[in-house]
Amino acid sequence: MKRADRQARKAELEHAIEQQRVDLLVATSRWQSAGRSLDHGWNLLVRFKVPLLIMGGMLLYHGARRPGGVARMAGRLTTGALIVKRARRLLR
């Protein structure tokens, strides 16, 4: 190979490498933005982990003592969740 051919080939390869770097940066940015809401939710759970565990333990204790109350509570929670969902839809 002549020197000019090698320099041209080197320039092509450097351009290809630079393009791959740009593509990688764009893909990384998209990946991070797509996972941002999941990360936020996970961080929220981690922040309130101890109170959630305490509340869960209390609910299990209450449910073990009064099994019928758990079914009523589940029904009320389901109804409340549906009301909140419809209210959000109406407010949009």
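These numbers come from a predicted model, not from an experiment. (Residues numbered from 1 in each chain as written. Predicted model: local features only at pLDDT ≥ 70, side-chain atom pairs only at ≥ 80, totals over all residues. Heavy atoms only, no water.)

**Description of the overall build of the chain**
Across its full length, the chain holds three helices and zero strands. The globule rule puts the C-alpha radius of gyration for 92 residues at 12 Å, and the 28 Å found for the chain is more than 25% above it. In terms of its C-alpha atoms, the chain occupies a principal-axis envelope of roughly 90 × 35 × 20 Å. Counting across all 92 residues of the chain, residues that qualify as buried make up 3%. Here the chain displays about 9,100 Å² of accessible surface, and carbon together with sulfur accounts for 63% of that area. In the chain, which carries 19 positive and 6 negative side-chain charges, the distance between the mean positions of the two groups comes to 27 Å. (Helix = DSSP H or I, 4+ residues; strand = E, 2+ residues; numbered from the N terminus. Rg over C-alpha atoms; globule rule 2.2 N^0.38 Å. Buried < 20%, exposed > 50% of the residue type's maximum accessible area, 1.4 Å probe, protein only. Areas by Shrake-Rupley, 256 points an atom, 1.4 Å probe, with all protein chains shown as cover. Lys, Arg positive; Asp, Glu negative; His and termini not counted. Charge placed at Lys NZ, Arg CZ, Asp CG, Glu CD.)

**Considering the pattern of salt bridges**
Going through the model one piece at a time under the given rule, you end up with two salt bridges. For the salt bridge of R9 with E12, the shortest nitrogen-to-oxygen distance reads 3.8 Å. With R9 and E12 both in helix α1 (residues 3–47) and three residues apart, the pair spans about one turn of that helix. Taking relative accessible area as the criterion, R9 reaches 44% and is therefore assigned partly exposed. One salt bridge connects R21 with E18, and the closest N-O pair in it is separated by 3.9 Å. Remark: E18 and R21 occur in helix α1; sequence separation between them is three residues, near one turn of the helix. (Salt bridge = Lys/Arg side-chain N within 4 Å of Asp/Glu carboxyl O.)

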